[in-house]
Amino acid sequence: MYKTIGLYKQMENPEEFIDFYEQVITPRLLCLPGVVKVEMTRLMASPFRESQDESAYFLMVETSFESPEALQQVLQSPEGMETVRLLVERAGESMTAFVGKSTEWISD
């Protein structure tokens, strides 16, 4: 599966941003052809690290696509570009984004 991964650093109003993502961005993404799912994960401090970076990420959002071609079509479509613009406008420098190909294993 091909996906975009957005990581968001702590921001002034994290709950307001999460609400914006859930109410504005997610519905837009799910209407785009080729988008399979959107998954949001609220991140917490890891018990495996003794000290936590003050700029730690608080949120990860993964958007999965049918194929690499679907991902490109979404990113190049007017609707996709507008969605990205709204997101970057709201998240500012708090956002880091990646594109990846995932592999999944499921237990029996």
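So, how was this worked out
Residues numbered from 1 in each chain as written. Predicted model: local features only at pLDDT ≥ 70, side-chain atom pairs only at ≥ 80, totals over all residues. Heavy atoms only, no water. Patch = residues over 30% accessible without salt bridge, like charges linked within 9 Å, V, L, I, M, F, W, Y side chains within 5 Å. Areas by Shrake-Rupley, 256 points an atom, 1.4 Å probe, with all protein chains shown as cover. Salt bridge = Lys/Arg side-chain N within 4 Å of Asp/Glu carboxyl O. Lys, Arg positive; Asp, Glu negative; His and termini not counted. Charge placed at Lys NZ, Arg CZ, Asp CG, Glu CD. Helix = DSSP H or I, 4+ residues; strand = E, 2+ residues; numbered from the N terminus. Buried < 20%, exposed > 50% of the residue type's maximum accessible area, 1.4 Å probe, protein only. Axes fitted to C-alpha atoms, helices over the stretch in contact; angles between N-to-C directions. Parallel < 35°, antiparallel > 145°, perpendicular 65-115°, else oblique. Contact = heavy atoms within 4.5 Å. Nonpolar A, V, L, I, M, F, W, Y, C, P; charged D, E, K, R; others polar. Pairing = 2+ DSSP bridges.

Remarks on a negative patch on the surface
Now for step 1: Together, Glu 12, Glu 16, Asp 19 and Glu 22 make up a region of like negative charge exposed at the surface.
Now for step 2: By the secondary structure assignment, Glu 22 is in helix 1 (residues 14–30).
Now for step 3: Of the residues examined, Glu 22 reaches a relative accessible area of 38% and is grouped as partly exposed.

Things to note about the packing of helix 1 against helix 3 (residues 78–91)
Now for step 1: Running from N to C, helix 1 and helix 3 point in directions that differ by 175°, and their axes come no closer than 10 Å. The angle between the axes of helix 1 and helix 3 places the two elements in the roughly antiparallel class. Side by side, helix 1 and helix 3 meet where Glu 16, Phe 17, Phe 20, Tyr 21, Val 24, Ile 25, Arg 28 and Leu 29 of the first sit next to Glu 82, Thr 83, Leu 86, Leu 87, Arg 90 and Ala 91 of the second.
Now for step 2: A breakdown of the residues in the contact of helix 1 with helix 3 according to their chemical character gives nine nonpolar, one polar and four charged.

Observations regarding the sheet that holds strand 2 (residues 35–42)
Now for step 1: With antiparallel pairing, the four strands of this open sheet are ordered in space as 2-3-1-4. This sheet does not close on itself; its edge strands, each paired only once, are strand 2 and strand 4 (95–101). Each neighbouring strand pair of the sheet contributes to a mean axis angle of 15°, computed without reference to strand direction.
Now for step 2: On the sheet, helix 1 packs against strand 1 (2–9), strand 2 and strand 3 (57–65) and is oriented at approximately 170° with respect to strand 2.

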